[in-house]
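Results of the structural survey
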Amino acid sequence: MIKLENIHRNFQVGDQTVHALNDITLTINDGEYLSVMGPSGSGKSTLLNLLGLLDQPSSGKYFLNGNDVTELSEDMQASTRNKNIGFVFQVFHLIPRLTAAENIELPLVLAGIDEKIRKQRVSHALESMNLIERAEHKPPQLSGGQRQRVAIARATIMQPSVLLADEPTGNLDQKAGLNVIETLEQLNQHGITLIIVTHDETLGARSTRSIRMLDGRIESDNIASWTG
Amino acid sequence: MLLLRDAVRFSWHALTANTVRTFLMLLAMSIGVGSVVILTALGEGARNYITNEFSSLGTNLVIVIPGRSETSGGDPATMLGVTERDLTLNDALALTRHPQVQRIAPLNIGGAEISWQGRKREVSIQGTSAEFLKLRHWEMSQGKFLPDTDWQRPKSVCVIGINIRNEIFGAHAALGKWLRIGDRRFRVIGILASEGQSLGIDVSDSVIIPVASAQSLFNVPSLFRIFVEVKTREAIPKVMAFIKNTLRDRHQGEEDVTVITQDAVLATFDRILTALTYAVGGIAAISLAVAGILIMNVMLVTVSQRTSEIGLLKSLGASGKAILKLILIEAVLLSSLGAAFGFALGQAGSWVIRYAFPVLPAYPPTWAMVASLLVALITGILFSLLPAKKAARLNPVDALMRR
């Protein structure tokens, strides 16, 4: 469970202080499917970075599964990120010199998990993402949709409780985008908390809960009726 | 925690993916290490060369040289323009009287043309006595050395080096043949087995004749050197004093000879050349430092080129420490590879020098090899600390945004 209490995040730009996040209080339950929408500069990416522990709030508290993660040391935050949070980026962020399998393996390597177990889990992930034949291909040899599926496999290989996706379909054509979204939704159905930042209204409409942000504040928080 | 094995593998991937950068860094590092190894090998080679040169003269040697190496202002002899007295055979004979003197040999040196059945060569002729063989630790290959007779009496016999034997006599037997030296003829009574250089003369290229014969051949009454071998090392100072006193008495109270011990000469050369080796080693070490700075620059470029990768690793849960580890391992891999290549380069270079100049034993000293490898590693690590720390401190949000 994610709980934000009175989160502020200020940036200093010249002599001006920009309130990227202004008094955000938000609770996200396990297994929710949440979309964060809003115009550029509304603070949605800052919110996502903060949820992913890539950024620290200027003030306020962040509880992840009941623990106050704002108090953790840098090392502990890294370790929390490794175990509990998966990121999916608009630009995929795959390492071009590594194969698809090696890219997926990275979080396991960083966690210091034994090589045998790593291979098993990677091949399992490749299978569930339909990427078996692409395992030894490097990112430049993959299509956009395949790259994003590799990125999703990498984000979920540690079986995190939260999956954060920042415009996951932004660099994909419609068909590949839909495939990626369906993949993410499938993961959500298996229990992962899915938080998607997007401009895309149709994408936002698919989620069970939609947050609209404006000028660092949550403008609306709609829980859609579950239509299945 | 990131396992060391995986970190090394990851860094190795990063190195091999960017071959141009890796090649340039390896080149810089190996030139640095290689030049240290080669230059110190040269210095050490020069030192060994000089040391061998002098130690091949013999052991516990005292050498008497005509002339004084110091001048005193008030000497009336210098005022009158009188040159020092020559060193004569009688001087040498007078020195044999000391009980601590093991053996003594006069030496005269000159150049002359030798010929036999139309084959001619210009060689250096050494005029000396029978004792010279043992004094110089030479070995005979055939026949006998000069006979142990009165130094004052010329005798038309000669002993030749192995090269002379081959070049002048070829397939013919040399022993017993009459060799023309200048305008005289000498019978070959022995052939030296020894080789190698000493006093700038190759033993195998020498012709040795009795000292009196050399004096009349070159028409000089004086000696070039007197070699005195002392029975024990401890007796050397006593014998030196005896030589000085005896020769002063014989030269009307004037100290006009220089008496040196081979140890003193050796020690001086050894000191000078060791210092020289350190100096060239130090100069070469500068290139290592330059290589270190290059590594720092390239690692800095690497860090900024791979900023988004570092941001990604952080988002995947890499701690600052893990990033530091990855970048440092990359630097260590680079510098140790560079050092290894440089070491091979240095060894190859030294081999080429030894091949091109066989007289120069250009083997790099162990300290220089160890030091250059260590310096390479340490500069590699030290100079990549700054870029690695920079990488570890990168803000993941900013790092990910940069493409």
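1. Focus: the packing of helix α3 (residues 100-110) of chain A against helix α4 (residues 115-128) of chain A
Residues and elements named next belong to chain A. Running from N to C, α3 and α4 cross one another at 130 degrees; their axes reach a closest spacing of 10 Å. Between α3 and α4, the angle falls in the class oblique. For the pair α3 and α4, the crossing hand works out as right-handed. Contacts from A101, I104, E105, L108 and V109 of α3 reach α4 at R118, K119, R121, V122, A125 and L126. Tallied by class, residues from the contact of α3 with α4 come to 7 nonpolar, no polar and 4 charged.

2. Some remarks on unusual backbone geometry
Residues and elements named next belong to chain A. Unusually for a residue other than glycine, H93 sits at a positive phi of about 55 degrees. Position of H93 among the secondary structure elements: in the loop between β6 (85-88) and α3. Residue H93 is classed as buried on the basis of its relative accessible area, which comes to 7%. Of note, the phi angle at N130 is positive, near 65 degrees, even though the residue is not glycine. Looking at the element boundaries, N130 is found in the loop between α4 and α5 (144-156). N130 sits in the exposed class, given a relative accessible area of 58%.

3. As for the interface of chain A and chain B
Contacts between the two partners involve 27 residues from chain A and, on the opposite side, 28 residues from chain B. Regarding the contact of chain A and chain B, the summed buried area is about 2400 Å², with carbon and sulfur atoms giving 58% of it. It is A:H93, A:R97 and A:L110 in chain A that bury the most area against chain B; as a group they hold 30% of the surface buried on that side. In this assembly, chain A and chain B are joined by 5 salt bridges. If you look at where chain A meets chain B, you find 11 residue pairs in polar contact (both at pLDDT 80 or more). Going through the elements one at a time, α2 (74-84), α3 and α4 of chain A are the ones with two or more residues in the side of chain A that touches chain B. Top contributing element to the side of chain A that touches chain B by residue count: α2(A), with 6 residues. Looking at the side of chain A that touches chain B, its residues break down into 13 nonpolar, 5 polar and 9 charged.

4. What to know about helix α7 (residues 211-218) of chain B
Residue and element names in this part refer to chain B. Most of α7 sits inside the fold, with 7 of its 8 residues counted as buried. Every buried residue belonging to α7 is among V211, A212, S213, A214, Q215, L217 and F218, and all of these are buried. Turning to α7, the residues buried within the fold contact α4 (89-95), β2 (101-116), β3 (119-128), β6 (178-181), β7 (184-192) and β10 (206-210). Looking one or two residues beyond α7, the residue adopting positive phi is N219, at roughly 55 degrees.

5. A word on the domain arrangement of chain B
Split into domains, chain B comes out as domain 1 (4-53 + 267-401) and domain 2 (85-255). Centre-to-centre, using C-alpha coordinates, domain 1 of chain B lies 54 Å away from domain 2 of chain B.

6. Digging into the side chain of A:S42
Residues and elements named next belong to chain A. Relative to the assigned elements, S42 resides in the loop between β3 (33-37) and α1 (44-51). Since its relative accessible area comes to 2%, S42 is described here as buried. Setting aside chain neighbours within four positions, we find S42 in contact with A20, M213, L214, D215 and G216.

About the thresholds
Residues numbered from 1 in each chain as written. Chains lettered and ligands numbered in written order. Predicted model: local features only at pLDDT ≥ 70, side-chain atom pairs only at ≥ 80, totals over all residues. Heavy atoms only, no water. Axes fitted to C-alpha atoms, helices over the stretch in contact; angles between N-to-C directions. Helix = DSSP H or I, 4+ residues; strand = E, 2+ residues; numbered from the N terminus. Parallel < 35°, antiparallel > 145°, perpendicular 65-115°, else oblique. Left-handed = near helix turned anticlockwise from the far one by under 90°. Contact = heavy atoms within 4.5 Å. Nonpolar A, V, L, I, M, F, W, Y, C, P; charged D, E, K, R; others polar. Buried < 20%, exposed > 50% of the residue type's maximum accessible area, 1.4 Å probe, protein only. Buried area = accessible area lost by both parts, 1.4 Å probe. Salt bridge = Lys/Arg side-chain N within 4 Å of Asp/Glu carboxyl O. Polar contact = N/O pair within 3.5 Å; in protein donor to acceptor, adjacent residues only side chain to side chain. Domains from an automatic or database assignment.

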